[in-house]
Amino acid sequence: MNLFMHKSFFIKIALILPFIGLSQNLIINTTNRNTTTLNGTWHYIVDPYQTGYYNYRHQPYDQLPENNNAAFYNNYHAKNKMELVEYNFDTSPTLLVPGDWNSQKEKLFYYEGTIWYKKSFDYNLPNKKRLFLYFGAINYKAEVYLNGKKLGTHIGGFTPFNFEITSIVKPVGNYLVVKVDNTRHKDAVPTTNTDWWNYGGITRDVKLIEEPLTFIQDYNIQLKKNDKNSINGYVKLNKGSKSEKVIISIPELKIEKQLTTDKDGKVKFEIKSKKIKYWNPKNPKLYDVSIKTDYQTLKDQIGFRTIETKESNILLNGKSIFLRGISIHEENPMRGSRAYSTDDALVALNWAKELGCNYVRLAHYPHNEHMLKLADKIGMMVWEEIPVYWTIDFNNKNTLQNAENQLSEAITRDKNRASIIIWSMANETPPSKARNNFIKNLINLTKSIDSTRLISAALEKHNSNGVNIVDDEIGKYLDIVAFNQYTGWYGGSLEDAPNAKWNIKFNKPVVISEFGGGALQGLHGTAKERWTEEYQEYLYQQNIKMIEKIPNIRGMSPWILADFRSPKRVLPGIQDGWNRKGLISNGGVKKKAFFTLKDFYKKIKKQYN
Ligand code: GCU
């Protein structure tokens, strides 16, 4: 079966590093656009030997001369039945999308490798309209084919991407095939070793987005840095070949700003207003914003606030705050699977509210967009991070490009969310020259895209002569010095904790990005017995007494809101594949330490109001 395109096309496509370029075509705010969902049941084929992708000489079909048989994605409609076809999508079983495969099929619980997905759909694209295929995320590598044509490749398990399919889509019988491979690799981001479950699959929403020939692809509408009476940013049109009219309206502020794009379809703006009600956790004010062109009106709900540091203080709208936080993985603990919906986000953020939080650390990767939109709405500040976690291949330029692309996609998607106050570059990465350069590159990229938010990373402390020391070189480049410490769990005495000595080498705000210990919910005993709720409760009591005394302490995000799956946690009868540091069990039951932290947050809130 022909590959429909000249072989040189495939060779070129294959050689371009798969993660270049997608982020600058990313369409933002997809929930407010003209979309058709492709969520639902998709057929799937498990393909551990990637038989659908490589021929018997292990050559990728989509890079072979045209007269070669194509793979799963192509000879789906084999022209003549004489061709040897040894698979059939339509008689294959189905998986739900969005969703990881591990939790949907017993046989796929530990599966790491390739699974092919297939979805058929009809679409009548009106004249003078364009159509895009959008994925909220696929973990980890995706190869996407539509009607036998390769659309492209995406690498990175937690950020969105889209392809234009205007010239390929048909009114009836489109067949969309996606090769998903969640195999871990040393040079990937994250690398092979993580303390969370490697959920594979099309793990977030899939949708078709219909747009006019010239459409609003991207925009930034936020408070100008260091000027709380100015709203500024840009609007970028796709295929805005000539000067296009753009109107930004914020009716409640009586703003109606008419702009004209440049030859590339982009326009920057600045709008003064002295009437802005600033977003904050107690009053999470969101404004209805609309962006109008001659061809469409796009709406968004945007909050305006300032966030900065001044010596040891974190200032939200000029007021010193304490980040009453908790760390959260993107998992619905009761379902034991990837979280992906507004309902899942409500479960997590309502628990955080109950705890008395004004802040969450979304670990260890960008969470789905529903989480950020809900955080905006209910008033929860957010630390967002990319999975530059532990022993990343810091000397590998492709690894850096991969991390930069994931960071760029995350910031592109979320830069209009008032709730996000911190972009974090890394978690517990071992200091070295290569690692420092890698992270400095990420910091520079972040500032080049969004200079308005604070930058941090979860560092580590070390101990010398009984003193806890934080002197990681990259602390110099961070706005907030954050670090993980596990006194009383991975060493250190709980009894002595309240008198622990600390030496933090930076006069900046300090946030404890992780502390905690494990407990099996319902296991009771003395405060000296590991894994009991009483031990975890005592650990929190003693750590809080210690942390309160740390100079410049301005927040914490204890590890972690709820028990979560990890292949590293195998203690029978206690962990059974779960990391038990949650304050809430995977049955949704609060442990005693939940209330210890809740009481502390009640107390500290009074000190800062
Ligand atoms: C580390 C790491 C977490 C991990 C936790 C633990 O600090 O950042 O991802 O789950 O410790 O050991 O439970």
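S.K.: Help me understand the sheet that holds strand β7 (residues 149-155) in this model?
M.R.: The strands making up a sheet are joined through hydrogen bonds of the backbone, oriented either antiparallel or parallel. With respect to topology, six strands assemble into an open sheet ordered β3-β2-β4-β9-β6-β7, the strand pairing being antiparallel. With one partner strand each, in any of the chains shown, β3 (94-97) and β7 form the two edges of the open sheet. Strand-to-strand, the axes of this sheet are offset by a mean angle of 30°, without reference to chain direction.

S.K.: Whenever I open this one, the side chain of Arg 204 confuses me. Can you help?
M.R.: Along the chain, the position of Arg 204 falls in the loop between β9 (174-181) and β10 (206-212). There is a polar contact of 3.0 Å between the side chain of Arg 204 and the side chain of Glu 330. Among the polar contacts listed, one links the side chain of Arg 204 to the backbone oxygen of Pro 366, at a separation of 2.7 Å. Beyond its immediate chain neighbours, meaning those up to four positions away, Arg 204 contacts Val 97, Pro 98, Gly 136, Ala 137, Phe 158, Thr 159, Glu 330, Pro 366, His 367, Asn 368 and Arg 413.

S.K.: I would appreciate a short explanation of a positive patch on the surface in the present structure.
M.R.: Taken together, the side chains of Lys 282, Lys 319, Lys 353 and Lys 605 make up a positively charged region of the molecular surface. Relative to the helices and strands, Lys 319 is located in strand β20 (residues 319-320).

S.K.: Just checking my understanding: could you explain unusual backbone geometry for this structure?
M.R.: Trans is the prevailing form of peptide bonds, just as negative phi is the prevailing case for residues other than glycine. For the bond running from Asn 139 to Tyr 140, omega is 20°, close enough to zero to count as cis. Note that Tyr 140 resides in the loop between β5 (129-135) and β6 (141-146). Across the junction of Val 189 and Pro 190, the peptide omega takes the value 10°, indicating a cis bond. Tracing the sequence through the fold places Pro 190 in the loop between β9 and β10. The backbone of Asn 29 shows a phi angle near 55°, a positive value even though the residue is not glycine. For Asn 29, the position within the fold is in the loop between α1 (7-15) and β1 (35-37). Here Asn 29 falls in the buried class, since its relative accessible area comes to 3%. Backbone geometry places His 58, a non-glycine residue, at a positive phi of 60°.

S.K.: What should I look at first to understand the confidence of the model for the chain in this one?
M.R.: Do not read the fine detail of predicted coordinates wherever pLDDT is low. With 93% of its residues at a pLDDT of 70 or more, the chain shows a mean pLDDT of 94. Here α1 stands out as the element of the chain with the lowest mean pLDDT, 41, in contrast to strand β24 (residues 359-362), whose mean of 99 is the highest. Throughout residues 1-20 the model reports pLDDT below 50, and contacts reaching past four residues in sequence, or to other chains, amount to 48 contacts. Below a pLDDT of 50 lies the segment residues 76-80, which in the model reaches eleven contacts outside its immediate sequence neighbourhood of four places, other chains included.

The rules behind these values
- Residue numbering note: each chain is counted from 1, following its sequence as written.
- With the structure being a predicted model, the display of local features is reserved for residues of pLDDT at least 70 and the display and counting of side-chain atom pairs for 80 or more, all residues being used for whole-chain, interface and lining totals.
- In computing side-chain properties, one takes all heavy atoms of the structure into account and sets aside hydrogens as well as water.
- Two strands make a pair as long as DSSP finds a minimum of two bridges between them.
- Strands here mean DSSP runs of E at least two residues long; helices mean DSSP runs of H or I at least four residues long; both are numbered from the N terminus.
- Working convention: axes come from line fits to C-alpha atoms, limited for helices to the stretch in contact. Angles between N-to-C directions cover 0 to 180 degrees.
- We define a polar contact as two N or O atoms separated by no more than 3.5 Å, with the added condition that, inside protein, one atom must be a possible hydrogen donor and the other a possible acceptor, whereas residues neighbouring each other in sequence contribute only through side-chain atom pairs.
- The contact criterion used throughout is that any non-hydrogen atoms of two residues lie within 4.5 Å.
- Patch construction takes residues with relative accessible area above 30% that form no salt bridge. Like charges are linked within 9 Å, and nonpolar side chains (Val, Leu, Ile, Met, Phe, Trp, Tyr) are linked within 5 Å.
- To measure how exposed things are, a 1.4 Å probe is used in the Shrake-Rupley method; for residues, cover is taken only from the protein chains shown.
- Note on definitions: salt bridges are taken to be side-chain nitrogens of Lys or Arg within 4 Å of carboxyl oxygens of Asp or Glu.
- A positive count includes Lys and Arg, and a negative count includes Asp and Glu. His and the chain ends are not counted in either.
- Charged side chains are reduced to one point each, which is NZ for Lys, CZ for Arg, CG for Asp and CD for Glu.
- For each residue, the accessible area found with a 1.4 Å probe, counting protein chains only, is set against the maximum for its type, and the residue is called buried under 20%, exposed over 50%, and partly exposed in between.
- Per-residue confidence from the predictor is reported as pLDDT, a score between 0 and 100.

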